[in-house]
Structures are given as C-alpha cells and as structure tokens.
Amino acid sequence: MVDLLDVSDLSCGYSKFEHRQCNFDDVPKLHIFGFPEGVELGGSVQILCNLKKGDLPVKFSWTKDGKPISDKEGIETGIFNDRSSFLVIQSVSYLNMGNYTCVVRNDKGSDSHTAQLLIPGMSVIKIGHYPLFVSDK
C-alpha cells in the first residue's frame, strides 16, 4: 500500500504545456552577504540583501544591533527591486560599527542574515548601554 501525500496547500499552477508546476520554495531564503573589508572613516559603504528563493511578494526590514534603524543615524535603507533591499552609509563613523540584520518576510515565513561592520584599527567596548570606542594603535 502506498501512502498519498496531501499537496492541497502547495502553490501550483499550469504551464503553457499543461504540465503541473509546483513551487516548494514558499518560505523566503536570503543569499549570504557581508560588508567589504577596509571600510574607512568618512567613506561610504553599501550592501545588498538579496532573496535567494521564496514566494513573492516579500517585505524587507533592517536592524542594527537588534534595534530598528532610524533615519537619524545617517543610514539609508530601501527597496532595490522586488527581490532586493539595500543599506547605504554615506559617511561612516565609529557609531556605525555593529551588527546589521536584513529580515525578509512573506505570508509563509521569514529569514534573516546578519553582517558585522568593522572599522580597521577600532574596537568597541560596551559599558552598560554606552559604547566606548578604542583605537587598536
């Protein structure tokens, strides 16, 4: 006896050849991304968060160190296209060092990826809620 798989909730359609086409990639999945090495103070940096697979439409959001990014931080985020979101820092400062997370969601689920922005020659020590920037030199 063969057990039948219930596929009633799959996202399926028909192609022009009338063959059954089913999408098993409903939940979004992101490509891995990271900041380039050698980011300099006062320079600019940008990264793209790209959807690897998953059903559209999706919504993107960004956080820094677990908190939503505000416009006051000198960081711009936006939608590049229906599968990509960008983050741009026009003038990098010590305050921009940290962990940046891109989150993508659709009605089936979500995925996220985090990249750390480091500035060569600088370290951050947290004292309570306040960061202390220390030169490695």
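The coordinates are above.
Rules of the game
- Residues numbered from 1 in each chain as written.
- Predicted model: local features only at pLDDT ≥ 70, side-chain atom pairs only at ≥ 80, totals over all residues.
- Heavy atoms only, no water.
- Helix = DSSP H or I, 4+ residues; strand = E, 2+ residues; numbered from the N terminus.
- Buried < 20%, exposed > 50% of the residue type's maximum accessible area, 1.4 Å probe, protein only.
- Contact = heavy atoms within 4.5 Å.
- Areas by Shrake-Rupley, 256 points an atom, 1.4 Å probe, with all protein chains shown as cover.
- Polar contact = N/O pair within 3.5 Å; in protein donor to acceptor, adjacent residues only side chain to side chain.
- Pairing = 2+ DSSP bridges.

Before going further, it helps to spend a moment on the overall build of the protein. When helices and strands are tallied, the protein shows zero helices and 12 strands. Reading the protein from its N end, one meets helices and strands in the order β-β-β-β-β-β-β-β-β-β-β-β. In the protein, which comprises 137 residues, the share counted as buried stands at 31%. Contacts spanning at least 24 positions in sequence make up 55% of the contacts within the protein whose residues lie at least 6 apart. For the protein, the exposed area adds up to about 9700 Å²; of that, 53% sits on carbon and sulfur atoms.

This part covers the environment of Ser84. Counting through the fold element by element, Ser84 comes out in strand β8 (residues 84-89). On the basis of relative accessible area, Ser84 is assigned to the buried category, the value being 5%. When the C-alpha atoms of Ser84 and Leu48 are compared, they prove to be 6.6 Å apart, with 36 residues separating the residues in sequence. Ignoring anything within four residues of it in the chain, the contact list for Ser84 reads Cys49, Asn50, Phe60 and Ile79. At 2.5 Å, the side chain of Ser84 forms a polar contact with the side chain of Asn50.

Attention now goes to unusual backbone geometry. Omega for the bond connecting Leu56 with Pro57 falls within 30 degrees of zero, at 0 degrees, which places this linkage in the cis form. Position of Pro57 relative to the elements: it lies in the loop between β4 (45-53) and β5 (59-64). Of note in the backbone geometry, Asp65 takes a positive phi value of approximately 50 degrees without being a glycine. Examined against the element boundaries, Asp65 turns out to sit in the loop between β5 and β6 (67-68).

Pairing analysis gives two bridges linking strand β3 (residues 29-30) to β4, with the strands arranged antiparallel. Its bridge partner lying in β4, Leu30 is registered against Leu51. Sheet analysis places β4 next to β8, joined by six bridges and oriented antiparallel. By the bridge assignment, Cys49 is partnered in β8 with Ser85.

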